[in-house]
Amino acid sequence: MTDGQRELQELAREFARTELRPHAAAWDEGRALPDDVFAKLAESGFLGMLVPEEHGGLGFDLHTYLLVLEELAWGDASVALSVAIHSGPVSGMILRHGTDDQKHAWLPALASGDLLGAFALSEPDAGSDASSVTTTATRDGDGWRLDGEKRWVTNGRRAGLVLVFARTSADGLGVFLVRPGADGYVVGRRENTMGLRASETVSVRFDGLRLPADALLGDVDRGLVMALEALDVGRIGIAIQAVGVGRAAIEHAAAYALEREQFGTPIGRFGALQAKLADSALGVAAGRALAYEAALAWEATRNGTPRIGPEGVTARAAMAKLAASEAATFAADEAIQIYGGYGYMRHYPLERLMRDAKGAEIYEGTNEIMRRVIAGEILRGSGNATS
Ligand code: COS
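Here the structure is a predicted model, which means the values were calculated and not measured. (Residues numbered from 1 in each chain as written. Predicted model: local features only at pLDDT ≥ 70, side-chain atom pairs only at ≥ 80, totals over all residues. Heavy atoms only, no water.)

Q: Summarise the overall build of the chain; cite the residues concerned and give the values.
A: From N to C terminus, the chain includes 11 helices and 10 strands. Relative to the 2.2 N^0.38 estimate, which gives 21 Å for 387 residues, the radius of gyration of the chain is 21 Å and therefore close to what a compact globule would have. Projected onto the principal axes, the alpha-carbon positions of the chain cover approximately 80 × 50 × 45 Å. The 387 residues of the chain split such that 55% are buried. (Helix = DSSP H or I, 4+ residues; strand = E, 2+ residues; numbered from the N terminus. Rg over C-alpha atoms; globule rule 2.2 N^0.38 Å. Buried < 20%, exposed > 50% of the residue type's maximum accessible area, 1.4 Å probe, protein only.)

Q: I'd like a rundown of the pairing of strand E4 (residues 161-169), residues and numbers included.
A: Among the nine residues of E4, seven are classified as buried, and the element is accordingly described as predominantly covered. One ladder, built from four bridges, connects strand E1 (residues 117-120) with E4; its direction is parallel. Bridge pairing links Gly117 to Leu161 in E4. The pairing of E4 with strand E5 (residues 172-178) spans seven bridges and is antiparallel. Note that in E5 the partner of Ser169 across the bridge is Gly172. Hairpin geometry of E4 and E5 is characterised by an intervening segment of two residues between the two adjacent antiparallel strands. (Pairing = 2+ DSSP bridges.)

Q: Just give me the short version of the packing of helix H5 (residues 77-97) against helix H6 (residues 100-112), but keep the residues and values in it.
A: Contact geometry for H5 and H6: axes closest at 9 Å, N-to-C directions at 155°. Overall, the two elements H5 and H6 adopt an arrangement that is roughly antiparallel. When you trace H5 past H6, the crossing you get is left-handed. Between H5 and H6, the contacting residues are His86, Val90, Ser91, Ile94, Leu95 and His97 on the first element and Gln102, Lys103, Trp106, Leu107 and Leu110 on the second. Of the residues belonging to the contact of H5 with H6, the class tally is six nonpolar, four polar and one charged. (Axes fitted to C-alpha atoms, helices over the stretch in contact; angles between N-to-C directions. Parallel < 35°, antiparallel > 145°, perpendicular 65-115°, else oblique. Left-handed = near helix turned anticlockwise from the far one by under 90°. Contact = heavy atoms within 4.5 Å. Nonpolar A, V, L, I, M, F, W, Y, C, P; charged D, E, K, R; others polar.)

Q: Please give an account of unusual backbone geometry that cites residues and values.
A: The backbone phi angle of Trp152 is positive, close to 55°, even though this residue is not glycine. Its place among the elements puts Trp152 in strand E3 (residues 143-154).

Q: Please give an account of the site of the ligand that cites residues and values.
A: As a matter of local geometry, the ligand sits amid 20 residues, with Ser128, Asp232, Arg235, Thr314 and Arg372 nearest to it. Between an oxygen atom of the ligand and a main-chain N or O atom of Gly365, the distance comes to 3.1 Å. Considered on its own, the ligand offers 1000 Å² of accessible surface; in the complex 69% of this is hidden by protein. For the shell around the ligand, the elements supplying multiple residues, two or more each, are helix H7 (223-259) and helix H11 (367-381). Here the shell around the ligand takes six residues from H7, the largest share from any one element. (Near = heavy atom within 4 Å. Polar contact = N/O pair within 3.5 Å; in protein donor to acceptor, adjacent residues only side chain to side chain. Areas by Shrake-Rupley, 256 points an atom, 1.4 Å probe, with all protein chains shown as cover.)

Here you go:
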């Protein structure tokens, strides 16, 4: 880490310690994040971390971004999830595929936090099989008309820009820049999630929503590849989010193990509990290391290094998300066990951390899909057919 990165990490840690962590339980209970938390994130520049300075952002590399995101997740995983989707897949896709006009139109507003971004790929019947999207985008004069339904859209009602993936031909998807609120854009059910309850997850329906021609991002029919590419960076963000949650669980458990006495001694002296702390810390550290390795692989693609193969970003991002999310769930579970009866009480933070950690095993690609992606890249790297 450079001195600048260390300072930034400190700043983000302080932000998480004072602005997020003290409120995380209440936000979870109330199932909402207040407006002012987004205002404070924007003020700190944390909504423009991956947007270049020329478009009003901080222009961080992925490594620096991850340093901040881990701290936000340590403070509140729902906040980190919002920031991760907004920054990685949404701002990242516009940066990579947008025309100059599209970049000028959207990136400054995303970087300043005037608009929060959302990513609408999944549908009631298109989850792991992202290629089976049935929302359609049909040509309508110069523009497009959207019809269909999306599920599990993070940032829900708050989003001011939604990237919508829709079928543009029998075997192609397109990506559309959609501003909520127009006729034909209908926000549906707010999901009652197990964890990350402060994060607003909704379904959205399009009933003949009309879009101008310049709502199309990138090449028509190439949306699936664009989505999968964007999910590489998304998954690295989810990995570090899980690391933040896992680290929080370990810290709670360690503090409790030193303070709680049974049989006349702090319970942290018992080998069974030490093994839990050690295995939890091992998993979380490995997840963090993989996330940083994936970030390096992602940065390398900018210089033309291929994404494919076991060393490529696609495999590395999947490994990072898989390892970190499983480690976070394990760490939260073990922390509950260390807390014993108190851990089982909703009054303490561990059960929330466990619910939050579990989400990372599912969204932005389930861990079963992560294993398939990794195996596919190993086979591809050795020159054989993919999965
Ligand atoms: N980056 C760039 N291109 C990629 C890529 C990546 N990470 N992964 C795949 N591609 C390309 C492939 O090269 C292929 O390109 P061509 O059509 O030009 O040959 C295309 O994308 C399709 O890839 P593939 O054939 O591997 O797709 P499949 O339909 O077999 O399945 C899985 C791919 C299952 C891995 C994919 O659908 C997936 O990741 N699903 C999970 C979706 C998800 O994460 N949903 C959560 C949404 S956000 S809540």
